[in-house]
Amino acid sequence: MSSVAVLTQESFAEHRSGLAQQQVKVTALNSEEENDPPTYKEAFPPLPEKAPCLEATQEPAGPWCKIRPIKASVITQVFHVPLEERKYKDMNQFGEGEQAKICLDIMQKTGAHLELSLAKDQGLSIMVSGKLEAVMKARKEIVARLQTQASATVAIPKEHHRFVIGKNGEKLQDLELKTATKIQIPRPDDPSNQIKITGTKEGIEKARHEILLISAEQDKRAVERLDVEKVYHPFIAGPYNKLVSELMQDTGTRINIPPPSVNKTEIVFTGEKEQLAQAVARVKKIYEEKANSFTVSSVSAPSWLHRFIIGKKGQNLAKITQQMPKVHIEFTEGEDKITLEGPTEDVNVAQEQIEVMVKDLINRMDYAEINVDHKFHRHLIGKNGANINRIKDLYKVSVRIPPDNEKSNLIRIEGDPQGVQQAKKELLELASRMVKKRGKDLIIEQKFHRTIIGQKGERIREIREKFPEVIINFPDPAHKSDIVQLRGPKNEVEKCTKYMQKMVADLVENSFSISVPIFKQFHKNIIGKGGANIKKIREESNTKIDLPAENSNSETIIITGKKANCEAARHRILAIQKELANITEVEVSIPSKLHNSLIGAKGRFIRSIMEECGGVHIHFPTEGSGSDTVTIRGPAQDVEKAKKQLLHLAEEKQTKSYTVDLRAKPEYHKFLIGKGGGNIRKVRDNTGARIIFPTSDDKDQELITIMGTEEAVKEAQKELEALIKNLDNVVEDSMVVDPKHHRHFVIRRGQVLREIADEYGGVMVSFPRSGTQSDKVTLKGAKDCVEAAKKRIQEIIEDLEAQVTIECTIPQKFHRSIMGPKGSRIQQITRDYGVQIKFPDREENSAPVAEPVVQENGEEGGEGKDGKDADPSSPKKCDIIIISGRREKCEAAKEALQALVPVTIEVEVPFDLHRYIIGQKGSGIRKMMDEFEVNIQVPAPELQSDIITITGLAANLDRAKAGLLERVKELQAEQEDRALRSFKLTVTVDPKYHPKIIGRKGAVITQIRTEHEVNIQFPDKDDESQAQDHITITGYEKNAEAARDAIMKIVGELEQMVSEDVTLDHRVHARIIGARGKAIRKIMDEFKVDIRFPQSGAPDPNCVTVTGLPENVEEAIDHILNLEEEYLADVVDNEAMQVYMKPSSHEESKAPSKGFVVRDAPWATVNNEKAPDMSSSEDFPSFGAQVAPKTLPWGPKR
């Protein structure tokens, strides 16, 4: 009788997990298999016993044999460095110093783990652990950095060096890694054959041995060169190099045959001597055979037939070469012959076959050449090659049309003689039709050609598809021609012409362009924030508007599009400028025939008037419009001035206009014009002529134009010529200038001298070198210029001598404000008054006024060293601003500086409004300070003060105060509005109605809130202190009351509702509710009721509550009872079916587990003992008391 042992599944799982899945046989404990459990050996196969011999180990040893041995990825190697080879011997303490740093560095670089120990003989043992690659790299680093290095050389033949290096140096790197040495091989251009090895003695020996082995292996190999005539190379190589490949495979020799393109006859053999000799002998044999039985022959065949002889992809020729692989057939382009080379017999056979092929092709093939103008080739080809492909397929011919870039007229037809003639006839007919077709030249401005063609030829493709029979040829862009050629049937050409003319007319209409001069400072306003304004104008007017670049001096905005649209856009842009500035616009009537003469060449005359009159804009009507109206736009005063000049000039032109051109060096122009235009104004007043100087944009910088009446012009010409003549008369003069004033002229890189030179015709002023005591200053230039420059220098000296220095006391805290942004205010004062202003150095920690002022170096009040005699009321040094210049100008500058001192006023603002004035993160107060250019100081919150201080220039304070008070009014109005909006109303509503008032996902209450603009708060259910029946409404009183009425209306409707309980079998609840409540929602919406199902665990799972108006509730209950009846029938049917179905696996799993049962267990074989009790101390005794861990001298193991 066999015993049965029972193990639980949990205890068996761990034992089973190590075996392969397919080896484990799990026995199901069902009623059928319960009586026959597996044996212990079947469930737990024993491990294989150790085999006595090798053969036995190869036998499969049960299921355990399939478990693969796992190879360790981490290896450990120990390296020993003898004392005499150690680099670092003298160390105070082991494990410190440079040696330890090197070890750490090696570990970081390689990723290997190093452990060092010192032997009794003071040798160093290094244990390296890690991956193989990391260990090898670490070993190389250890040898290089911790071991003393020796070196040796080994000599091997130079030609063997490349074998030591290997492909891409891989062999050399591997050798260095294995031997932990550094191997240096001489460069190819170095004649030396010595290889240097550096490393340890052991490593050097290993490396030397390996290198000599490589050299010895190469010594066995040999190289031989065999000279064979080029003509025999194909026979040695064989078809597709098959013969030479077989030869190399058989002998193991490398054979290099030069390619046909290389003019060499030498075949190179490389390999071991014996095998090389065999290969050479076999090649010689092939060569001798061929040389003795070799013939070169030729077959006469027209060159145009060559491609037919070769056949498609060489098919025809392949048939001959496969039969006679030793025959080489060569076709020479342009020659009417085919050359054959090879054994006599084979050549004769191949020649016969080719001659037959040629004769056959000549009999059944022909060719013809026709001349057709290359401009018709595209039409002959047709769309996507339709025409030419039809001809090829119909007549079985090949038609070769030259590409467009060759500009060739020759078309070649090849194929069946009859087909060739028919194809030729059809092509010529097509060509003649094209010649007879009407041709028309259409004049279209070249600037429109690219637009008509379109991007990637899209637009011209559309035109060609619309008129497929018309050929449209555009001229080459390089020819600058406006002629577009149309060719095709008369009617089609006419239609195409009209279509293209309409297209051009649209382009011309849309390319109308006008220029609008707008003052530069208003360009940004026309563009708008993020380009909003200009974008809107472009879209609404349907025009293209181009503004000049920001760094450009141009003020002109160009508008392109239809004329009416351009005018509309111009009007809108001018309106923006007019709104922004005090711009006046005046219209002057001047006969249109005078317009061109008033504008002048490239606008020179009109530009001179515009510049002279403060940069006004003068707009003439477009040429040919017939309008006499000229528009002048700009500041009122400048417009009036320009109007007078323009009318005067027009009057002169009408009476008798006369113009003369003069030439003068550009450097003389400023002197001729004079300071502020004084000189030229004098000439104009004396003569009445107008003098125009070139601008920086004009090409000719020497040309001066005089215009007016003949008499006035001649008089002005005479005066100017006299001035120019004097300027050409260069003189040298000198004057005396006190050396103390020299510095003023030469400082700032001679700025004053440069200004004098610019103003007085380029006169050269030379001051003596610094260090010399000379007072002589030399002037060189035109006589008048020199005199004027001397006068100006004298004026400057008088100013310097009359210069005084005054002090202006302003507290230091105001200095930055006076200077202005980047010192702009001070620079303005210095320019306006011609003075120099110097601010004192900033004093960081100035002493209080009450304390005595400490004097520096005893300069002031030196007698009282302790400072007791110093006047406490005297101004501080850091408050004194120094002004230098003429006295009257200094005084004026002082007044201007004092006017810039900020003034402080106080404004009373209620404290509770301060935080609103400051704004979020100070944005509100910052905006006001920027707008009014003042500083606004709000008191700290803890002071609870109502006083706000405003500091700034007196001119700005009133505006700032008014702005602040205006803001206070706005905030007070907002406060009042906030108070009105804070009206609260409480409504008492039974909590049971709250969910209905809120609605699904808050839909109902959100609608009430939005509609009445109020806030509605429901009581918190968890807060017992709150009245649960109170609803709070906040907002305007009127709105709150309206919201209350809306809520009470809902409550009224809810109070009319009734609730009825209906018994509904719980088994059909899910069907009635539907997926995600879709079905029940539909019922509730249809009958306008609320249906509540019981929650899980409810006392009565069948009780369903229906709420709504009485009539709706009755209808809803009837509907759901009908549904219950229908669904219940399905439920009963399903339950009946379940009786006949097998119970599901999860139901079986609920049965109590009996554990895993096995037969013939070891513990049950003797005396029929029961299974051991694992919790028993008798069956499983402990191993005794715990032993304390042994303390090692080196500390615990890691």
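Residues numbered from 1 in each chain as written. Predicted model: local features only at pLDDT ≥ 70, side-chain atom pairs only at ≥ 80, totals over all residues. Heavy atoms only, no water.

## As for the sheet that holds strand β22 (residues 556-561)
Right, so step 1: With antiparallel pairing, three strands are arranged side by side in an open sheet as β20-β22-β21. Looking at strand neighbours, the two that pair on one side only are β20 (512-517) and β21 (544-546), the edges of this open sheet. The mean inter-strand angle of the sheet, taken between neighbouring strand axes irrespective of direction, is 20°. (Pairing = 2+ DSSP bridges. Helix = DSSP H or I, 4+ residues; strand = E, 2+ residues; numbered from the N terminus. Axes fitted to C-alpha atoms, helices over the stretch in contact; angles between N-to-C directions.)

## Thoughts on the packing of aromatic side chains
Right, so step 1: For the coordinates displayed, the defined rule picks out two aromatic pairs.
Right, so step 2: Sitting over the ring of Y1127, R1071 keeps its end group 4.2 Å from the ring centre. (Phe/Tyr/Trp six-rings, centres within 6.5 Å; stacked < 30°, edge-to-face > 60°. Lys NZ or Arg CZ within 6 Å of the ring centre and 35° of its normal.)

## Notes on the packing of helix α33 (residues 824-833) against helix α34 (residues 887-899)
Right, so step 1: Closest axis-to-axis distance for the α33/α34 pair is 10 Å, and the angle between their directions is 155°. What the angle tells us is that α33 and α34 run roughly antiparallel. When the axes of α33 and α34 are compared, the crossing they make is right-handed. When α33 is examined against α34, the residues I826, I829 and Y833 are found in contact with a partner set consisting of K889, A892, A893, A896 and L897. (Parallel < 35°, antiparallel > 145°, perpendicular 65-115°, else oblique. Left-handed = near helix turned anticlockwise from the far one by under 90°. Contact = heavy atoms within 4.5 Å.)

## A few points about the sheet that holds strand β42 (residues 1090-1092)
Right, so step 1: One open sheet accounts for three strands, arranged β41-β43-β42; its pairing is antiparallel. Looking at strand neighbours, the two that pair on one side only are β41 (1058-1063) and β42, the edges of this open sheet. Adjacent strand axes in the sheet meet at a mean angle of 20° when their direction is disregarded.
Right, so step 2: Bridge count between β41 and strand β43 (residues 1103-1108): six bridges; the pairing is antiparallel. Among the inter-strand pairings, E1060 is bridged to a residue of β43, identified as V1106.

## With respect to the pairing of strand β34 (residues 880-886)
Right, so step 1: Within β34, five of the seven residues are buried, leaving the element largely enclosed by the surrounding structure.
Right, so step 2: As paired strands, strand β32 (residues 803-809) and β34 are joined by seven bridges and run antiparallel to one another. Paired with T809 across the two strands is I880, which belongs to β34.
Right, so step 3: Examined bridge by bridge, strand β33 (residues 836-838) and β34 share three bridges and lie antiparallel to one another. Among the inter-strand pairings, K838 is bridged to a residue of β34, identified as I882. (Buried < 20%, exposed > 50% of the residue type's maximum accessible area, 1.4 Å probe, protein only.)

## Describing the environment of A291
Right, so step 1: Along the chain, the position of A291 falls in helix α11 (residues 273-292).
Right, so step 2: Relative accessible area serves as the criterion here: at 34%, A291 is assigned to the partly exposed category.
Right, so step 3: Along the primary structure A291 and Y232 are separated by 59 residues, whereas in three dimensions their C-alpha atoms are 7.9 Å apart.

## Section: helix α30 (residues 742-759)
Right, so step 1: For α30, with 18 residues, the first-to-last C-alpha span of 20 Å runs short of the 26 Å given by 1.5 Å per residue.
Right, so step 2: Along α30, the largest kink reaches about 115° and is centred on R749.
Right, so step 3: Buried within α30 are the following residues: H742, F745, G750, V752, L753, I756 and A757.
Right, so step 4: Those residues of α30 that are buried are in contact with β30 (764-766), β31 (776-782) and α31 (783-801).
Right, so step 5: Positioned one or two residues after α30, G761 has a phi angle of 60°, which is positive. (Expected span 1.5 Å × (residues − 1). Bend = angle between axes of the 7 residues up to and from the residue.)

## Brief notes about the confidence of the model for the protein
Right, so step 1: This prediction gives the protein a mean pLDDT of 77; 84% of its residues lie at or above 70.
Right, so step 2: Confidence over residues 1-34 falls short of pLDDT 50; this stretch has 48 contacts with residues more than four positions distant or in other chains. (pLDDT = per-residue confidence, 0-100.)

## Some words on a positive patch on the surface
Right, so step 1: Among the surface-exposed residues, R1000, K1001, K1078, R1081 and K1082 lie close enough to one another that they form a single positively charged patch.
Right, so step 2: On the secondary structure map, R1081 appears in helix α42 (residues 1078-1087). (Patch = residues over 30% accessible without salt bridge, like charges linked within 9 Å, V, L, I, M, F, W, Y side chains within 5 Å. Areas by Shrake-Rupley, 256 points an atom, 1.4 Å probe, with all protein chains shown as cover. Salt bridge = Lys/Arg side-chain N within 4 Å of Asp/Glu carboxyl O. Lys, Arg positive; Asp, Glu negative; His and termini not counted. Charge placed at Lys NZ, Arg CZ, Asp CG, Glu CD.)

## A word on unusual backbone geometry
Right, so step 1: Positive phi outside glycine occurs at A180, with the angle close to 55°.
Right, so step 2: With respect to the element layout, A180 can be found in the loop between α7 (170-179) and β6 (182-184).
Right, so step 3: A positive phi angle, near 55°, is found at Y240, a position not held by glycine.
Right, so step 4: As for its placement among the helices and strands, Y240 is situated in the loop between α9 (233-237) and α10 (242-251).

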